[in-house]
Amino acid sequence: MCRTGGGVPDPAERGDEACTDAVFSALLEDSAEDLYESAPCGYLSTMMDGTIAKINTTLLDWLGLDREAVAGRKRFADLLTIGGKLYHETHFAPLLRMQGELRGIALDMRRQEGGPLPVLVSAVIKHGTEGEPLLIRITVFDASDRRSYEKELLRRREEAERARAEADEARRQAEADRARLADALAVLQRSLVPDSLPAVPGLESAVHYHTASPDQLGGDFYDLFPVAGNRWAFFLGDVCGKGPEAASLTSLTRYTLRAAAHHDPDPASALTTLNAVLHERYTGDGNPRYCTCIFGIIEPGGEHAPTTVRLASGGHPPALVLRSDGRAEFLPTPGGLLIGVLPSAPIGTAETVLAPGDTVVLYTDGLTEARTGPGRDDLYGEDALHAFATDHAPASAHEVITAFTGLLESFGDGLDDDTALLALGVPATPSLISPSMSHTS
């Protein structure tokens, strides 16, 4: 509060000073005995053997004891719990005699009612003029709140450790389940495509299968098998969706095409049959399923005749031919639509002749739709694929698959769809025919 001029306190200030002086005088008049007895902590003094000589009211009230039953009758250790007494005898008392003082030792004291009282004890030995130990002065602080806080911290830490252990176990279990699932899916995936391609006289074949996710069944498929005469049927395609439904559709598609090819090896007829089967199987229940597919018949000509290839396509990317003269060209199959969508789907067809050193390549759209930039439209595309094939022509079937596999790996995270590759070629030297390449994933 502001003072008036001349340094004289105003009346209000004089009243505050009077109140302060009264409080200070009351403190001065407070007796040492009252301070000892009513202190906010426990005090006691013991003989060197631990017999209690003096104890204040505060500690007596905490423990629910009478002074007459304690002073001269009990030792300090008698006020402790069994565990506290054991600690006192083995640690507290020996250390106190050796060091002369102890500070902040946690003990539990026995109360008449209400269970043990957690306390923090400090003790010091009082010595005589000649250094001989006379008595022990002990200060006791109620540590109930602190002990409760420590127990709560411990409980929460144990809960956190238990939760962390449970999370670690759940993570290990999830990883084990995922590994088992991946193994099961890999086995099932292999059952949907041939483990290897058969050796075809006069031809070289190679294949590669990239699975985008080990946690899901892929939807790409391919096959190569003999039909009537000296002809071989082959196909490659991509079903809609992922997972078990895609696997079911893939299995139905493969076996339907195989059966259709043996009944009528005409490529367009095989795809027409597949379209009818898929449309009847899936469209009636309101859950249409479809696929893209390119189906071909190849007839090796041997040393004295050309190798002919007839193709039919239902909405699939065009086949690519790497010529022995260093050119690369697409074989367009215009007009073909997705297989299974309409009752009668138009089928696009194409034919070509393979000379020695020529190779035809089939691929799924995971290759051309691989992302090459941050934008949704930054896709690899058919133009880049044509340029890549031209740079690598001429090439054998094995060389083509090796080059295309390296291309797929170069996309990194941009390759987020399954991709199947199938190459069939006429060796430049007919006598040098390598065995077919097993598929990889």
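Below you will find a few notes about this structure.

Cut-offs applied
- Residues numbered from 1 in each chain as written.
- Predicted model: local features only at pLDDT ≥ 70, side-chain atom pairs only at ≥ 80, totals over all residues.
- Heavy atoms only, no water.
- Disulfide = S-S within 2.5 Å.
- Buried < 20%, exposed > 50% of the residue type's maximum accessible area, 1.4 Å probe, protein only.
- Axes fitted to C-alpha atoms, helices over the stretch in contact; angles between N-to-C directions.
- Helix = DSSP H or I, 4+ residues; strand = E, 2+ residues; numbered from the N terminus.
- Parallel < 35°, antiparallel > 145°, perpendicular 65-115°, else oblique.
- Left-handed = near helix turned anticlockwise from the far one by under 90°.
- Contact = heavy atoms within 4.5 Å.
- Polar contact = N/O pair within 3.5 Å; in protein donor to acceptor, adjacent residues only side chain to side chain.
- Pairing = 2+ DSSP bridges.
- Expected span 1.5 Å × (residues − 1).
- Bend = angle between axes of the 7 residues up to and from the residue.
- Patch = residues over 30% accessible without salt bridge, like charges linked within 9 Å, V, L, I, M, F, W, Y side chains within 5 Å.
- Areas by Shrake-Rupley, 256 points an atom, 1.4 Å probe, with all protein chains shown as cover.
- Salt bridge = Lys/Arg side-chain N within 4 Å of Asp/Glu carboxyl O.
- Nonpolar A, V, L, I, M, F, W, Y, C, P; charged D, E, K, R; others polar.
- Phe/Tyr/Trp six-rings, centres within 6.5 Å; stacked < 30°, edge-to-face > 60°.
- Lys NZ or Arg CZ within 6 Å of the ring centre and 35° of its normal.

**A word on the state of the cysteines**
Okay, so step 1: Throughout the structure, instances matching the rule amount to zero disulfides.
Okay, so step 2: This cysteine, C291, is not joined by any disulfide, and C293 carries the nearest cysteine sulfur, 5.6 Å off.
Okay, so step 3: Owing to a relative accessible area of 0%, C291 belongs among the buried residues under this scheme.

**Observations concerning the packing of helix α7 (residues 243-263) against helix α8 (residues 267-283)**
Okay, so step 1: The contact between α7 and α8 brings their axes to 9 Å, and the two run at 140°. Relative to α8, the element α7 lies oblique. Considering the relative orientation of α7 and α8, their crossing is right-handed. Contacts from S248, L249, L252, T253, T256, L257 and A260 of α7 reach α8 at A270, L271, T273, L274, V277, L278, R281 and Y282.

**Digging into the side chain of T364**
Okay, so step 1: Secondary-structure assignment places T364 in the loop between β14 (359-363) and α9 (365-368).
Okay, so step 2: A distance of 2.9 Å separates the side chain of T364 from the backbone nitrogen of A420, its partner in a polar contact.
Okay, so step 3: Contacts of T364, omitting those with residues within four sequence positions, involve D220, L236, G237, D238, H316, D418, T419 and A420.

**Some remarks on the pairing of strand β2 (residues 52-55)**
Okay, so step 1: Relative to β2, strand β1 (residues 42-46) runs antiparallel, the two being bridged by three bridges. Residue L44 lies in a different strand from β2, and its bridge partner there is I55.
Okay, so step 2: Between β1 and β2, which follow one another and run antiparallel, lie five residues, and G50 among them has a positive phi close to 95°.

**Remarks on the sheet that holds strand β3 (residues 101-109)**
Okay, so step 1: Ordered by their spatial adjacency, five strands build an open sheet running β2-β1-β5-β4-β3, and the pairing between neighbours is antiparallel. One side of each edge strand has no neighbouring strand; the edge strands of this open sheet are β2 and β3. Between one strand axis and the next, the sheet turns by 25° as a mean value, whatever way the strands run.
Okay, so step 2: The pairing of strand β4 (residues 117-127) with strand β5 (residues 133-142) spans nine bridges and is classified as antiparallel. Its bridge partner being in β5, V124 is matched across the sheet by R137.

**A short note on helix α5 (residues 82-99)**
Okay, so step 1: When the terminal C-alpha atoms of α5 are compared, their 24 Å separation across 18 residues agrees well with the 26 Å that a helix rising 1.5 Å per residue should span.
Okay, so step 2: Its maximal kink placed at H88, α5 deviates by approximately 50°.
Okay, so step 3: Of the surrounding elements, those touching the buried residues of α5 are β3, β4 and β5.
Okay, so step 4: Once α5 finishes, G100 follows within two positions and takes phi at roughly 90°, a positive value.

**A look at the sheet that holds β14**
Okay, so step 1: Ordered in space as β6-β15-β14-β11-β12, the five strands form an open sheet in which the pairing is antiparallel. One side of each edge strand has no neighbouring strand; the edge strands of this open sheet are β6 (204-210) and β12 (328-331). In this sheet, neighbouring strand axes are inclined to one another by 20° on average, regardless of whether the strands run parallel or antiparallel.
Okay, so step 2: As judged from the seven bridges shared by β6 and strand β15 (residues 419-425), these two strands associate in the antiparallel manner. By the bridge assignment for β15, E204 is matched with G425.
Okay, so step 3: Packed on one face of the sheet, helix α10 (residues 381-392) meets β11 (319-322), β12 and β14 and runs near 135° to β12.
Okay, so step 4: Along the sheet, helix α11 (residues 397-410) contacts β6, β11, β14 and β15; its crossing angle with β6, the most-contacted strand, is approximately 15°.

**Overview of a nonpolar patch on the surface**
Okay, so step 1: Taken together, the side chains of Y290, L337, L338, V341 and L342 make up a nonpolar region of the molecular surface, amounting to roughly 380 Å² of accessible area.
Okay, so step 2: Its place among the elements puts Y290 in the loop between α8 and β9 (291-299).
Okay, so step 3: Y290 gets classed as partly exposed once you look at its relative accessible area, which sits at 33%.

**Some remarks on the packing of α10 against α11**
Okay, so step 1: Contact geometry of α10 with α11 gives a least axis separation of 11 Å together with a crossing angle of 140°. Classed by the angle they form, the pair α10 and α11 counts as oblique. α11 is crossed by α10, and the crossing has right-handed handedness. Note on element contacts: α11 touches α10 through A403, F404 and L407, opposite L385, F388 and H392.
Okay, so step 2: Per-class residue counts for the contact of α10 with α11 are five nonpolar, one polar and no charged.

**Examining the pattern of salt bridges**
Okay, so step 1: Per the counting criterion, the structure on display carries 19 salt bridges.
Okay, so step 2: With its nearest N and O atoms 3.1 Å apart, the salt bridge here joins R147 to D108. Here the residue R147 occupies a position in helix α6 (residues 144-192), and D108 occupies one in strand β3, the gap between them amounting to 39 residues.
Okay, so step 3: One salt bridge in this structure joins E152 and R156, with 2.7 Å as the shortest N-O distance. You can see E152 and its partner R156 sitting in helix α6, four residues apart, about one turn around the helix.
Okay, so step 4: Exposure remark for R156: the relative accessible area of 53% places this residue in the exposed category.
Okay, so step 5: Salt bridges sharing partners connect three or more residues here, namely R323, D325, R327, E329 and D358.

**A look at the packing of aromatic side chains**
Okay, so step 1: Under the definition given, this model contains eight aromatic pairs.
Okay, so step 2: A ring pair is formed by F76 and F92, whose centres lie 6.1 Å apart and whose planes are at 40°; its orientation type is tilted. With F76 in the loop between α4 (67-70) and α5 and F92 in helix α5, this pair connects stretches of sequence that are 16 residues apart. Just as F76 is buried, F92 falls in that class too.
Okay, so step 3: Note on Y380 and F411: the rings are 5.1 Å apart at their centroids and 65° apart in plane angle, and the pair reads as edge-to-face. Of the two residues, Y380 sits in the loop between α9 and α10 while F411 sits in the loop between α11 and β15, which places them 31 residues apart along the sequence. The pair formed by Y380 and F411 is uniform in burial state, with each residue classed as buried.
Okay, so step 4: These aromatic residues form a ring-pair network of at least three members: F221, F225, F235 and F295.
Okay, so step 5: Taking the ring centre of Y255 as reference, the NZ or CZ of R254 above it sits at 5.7 Å.
Okay, so step 6: The positively charged end of R281 is found above the aromatic ring belonging to Y282, 4.7 Å away from the centroid.

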